[in-house]
Structures are given as C-alpha cells and as structure tokens.
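A closer look at the structure
Below, each chain spelled out in residue letters.
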Amino acid sequence: SDALQLPLAAETLETWVADEVEQALSAALHETNGLGCIGLDAVRQDLGGVAAQLTLKNVKVMTKALVALEHSSLQAITVPKVLASAEASRALESAMSAWAHQYDTGASFAGGQHFAEVYRARAHDAAKAHCKELIDAAQVAADEAIHEAARKAVAKLQAD
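Residues numbered from 1 in each chain as written. Predicted model: local features only at pLDDT ≥ 70, side-chain atom pairs only at ≥ 80, totals over all residues. Heavy atoms only, no water.

1. Some details on the overall build of the protein chain
Summing up its helical and strand segments, the protein chain has four helices and zero strands in all. Of the regular secondary structure in the protein chain, the N- to C-terminal order runs α-α-α-α. Taking 15 Å as the expected radius of gyration for a compact globule of 160 residues, we find that the protein chain reaches 28 Å, considerably beyond that expectation. In terms of its C-alpha atoms, the protein chain occupies a principal-axis envelope of roughly 110 × 25 × 20 Å. When each of the 160 residues of the protein chain is scored for burial, the buried share is 27%. (Helix = DSSP H or I, 4+ residues; strand = E, 2+ residues; numbered from the N terminus. Rg over C-alpha atoms; globule rule 2.2 N^0.38 Å. Buried < 20%, exposed > 50% of the residue type's maximum accessible area, 1.4 Å probe, protein only.)

Rendered as structure tokens:
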C-alpha cells in the first residue's frame, strides 16, 4: 500500500489503519487457509496495538507541526513599512485575516483534533502581538518621516 506521511488528519489515519488491518487479516486468513490456525484474534489485537502506537506518533508529529506552523505563520505577516495612525486598525485587520487564512490552510491536517484549537488560539495571540509590534514600528517610521519632511521644509524656508 501507499507510504504513510505524518501528520495526517485523524479520520484519514483511522481509515488508513482500518484498511491496513483488514488487508493484513485477509492476507493471514488466505495464507493459513486449511492449516487449522485459530490465533487470528491475537493478530487483530497486535495490530490494534500497532494502530494505537501509530495514532500516538501522529499526535506527537502533529503537535510539533502545529508549533512549527505557529512560527512560520508569524514570518509571513506583513504590514506597510510606514503607516499612519488612521490606517492602523485596518492594517491589523488585514494582516490578521491573511494570517488566519495561511494558518488554517497549513493546519488542515489537525482538523478534528481536540487540541488543535488550543494551538490555534496560542498562534493567534502570538500573531496579533507580532502584528501590533510591526504596526507600532510602521507608525514610528511614519512619524519620523513627517518630522523629517517638516524639518526639511523649515530649513528650506530659513535658507530662502
């Protein structure tokens, strides 16, 4: 069958595991047909244990991927380099909307997991704080540009 790439959405993993277990049991039944083997329930239990380990590994990989997504989604946030105070709220809204789209697209593998919303909330708070820092810096740059333009205008007037 196809190679398994983790992290994987829980439903997709469950379907894949169920298919693999059924294929393994079917193969075991076929290979032992007429041999009088009766231990296939033990095989099913063993495969259930393997499935549980795989589910746990998927959760671990998923958790690491969500943490990495939080960090990478911060790097994708952009706001103008120079920003007037009147534009700040719109810039924050726009940046957070773009962040949400990117994060949600990147976190699609975590759909249906009970902990996914906790990681999203944490990433959202970090993104909002980062946006505010970028907006504050852009407003300072705007103020500095205004002051520099005013200083140049005064200097020119004084020179004339």
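2. A few points about the pattern of salt bridges
Enumeration over the complete set of coordinates arrives at four salt bridges. Across the salt bridge formed by Arg90 and Glu93, the nearest N and O atoms sit 3.3 Å from each other. Of the two residues, Arg90 and Glu93 both sit in helix 3 (residues 88–106), three residues apart, roughly one turn of that helix. The pair Arg90 / Glu93 is uniform in exposure class, with both members exposed. (Salt bridge = Lys/Arg side-chain N within 4 Å of Asp/Glu carboxyl O.)

3. Some points on the confidence of the model for the protein chain
Within the protein chain, residue pLDDT values average 86, and 93% of them lie at 70 or more. Helix 3 holds the highest mean pLDDT among the elements of the protein chain, 94, whereas helix 1 (residues 10–32) holds the lowest, 80. (pLDDT = per-residue confidence, 0-100.)

4. What to know about the environment of Ala153
Inspection of the secondary structure puts Ala153 in helix 4 (residues 116–159). As a C-alpha pair, Ala153 and Ala51 span 102 residues in sequence and 73 Å in three-dimensional space.

5. Structural notes on the environment of Ala24
Relative to the assigned elements, Ala24 resides in helix 1. For the pair Ala24 and Val43, spaced 19 residues apart in the sequence, the C-alpha separation amounts to 9.0 Å.

6. A look at helix 4
With 44 residues, helix 4 should cover 64 Å at 1.5 Å per step; its first-to-last C-alpha distance of 64 Å lies within 8% of that length. Of the residues making up helix 4, those classed as buried are Ala116, Tyr119, Arg120, Ala123, Ala127, Cys131, Ile135, Ala138, Gln139 and Ala142. (Expected span 1.5 Å × (residues − 1).)

7. Looking at the nonpolar core
Counting residues in hydrophobic clusters, the biggest one holds 26 residues, and the most contacted among them are Leu66, Ile77, Trp99, Tyr103 and Ile135. Mapped onto this core, the elements with two or more residues apiece are helix 2 (40–75), helix 3 and helix 4. Among the elements that take part in this core, helix 3 stands out by supplying eight residues, more than any other. Dropping the residues within four chain positions of it, Ile77 is found in contact with Ala95, Trp99, Ala127, His130, Cys131 and Leu134. Grouped together as the second largest cluster of nonpolar side chains are seven residues, Leu13, Val17, Leu25 and Leu54 included. (Core = buried A, V, L, I, M, F, W, Y, C linked by side-chain atoms within 4.5 Å. Contact = heavy atoms within 4.5 Å.)

8. Brief notes about the packing of aromatic side chains
To describe a pair of aromatic rings, one takes the distance between the centres and the angle between the planes. Inspection of every chain in the model, using the stated rule, returns two aromatic pairs. Both rings, one in Trp99 and one in Tyr103, keep their centres 5.2 Å apart while their planes meet at 25°; by these two values the pair is stacked. Pair noted here: Trp99 and Tyr103 are both in helix 3, with a separation of four residues, about one helical turn. For Tyr103, a relative accessible area of 1% puts it in the buried group. (Phe/Tyr/Trp six-rings, centres within 6.5 Å; stacked < 30°, edge-to-face > 60°.)

9. Focus: the side chain of Gln113
Tracing the chain through its elements places Gln113 in the loop between helix 3 and helix 4. Among all residues touching Gln113, those that are not within four sequence positions of it are Ala10, Val59 and Met62.

10. Section: the packing of helix 3 against helix 4
In the contact formed by helix 3 and helix 4, the axes pass within 10 Å of each other and the chain directions differ by 145°. Regarding helix 3 and helix 4, the two cross each other, and that crossing is right-handed. Each of Ala88, Ala91, Leu92, Ala95, Met96, Trp99, Ala100, Tyr103 and Asp104 in helix 3 lies in contact with helix 4, whose residues at this interface are Tyr119, Arg120, Ala123, His124, Ala127, Lys128, Cys131, Lys132, Ile135 and Gln139. Among the residues forming the contact of helix 3 with helix 4, the class breakdown is 13 nonpolar, two polar and four charged. (Axes fitted to C-alpha atoms, helices over the stretch in contact; angles between N-to-C directions. Left-handed = near helix turned anticlockwise from the far one by under 90°. Nonpolar A, V, L, I, M, F, W, Y, C, P; charged D, E, K, R; others polar.)

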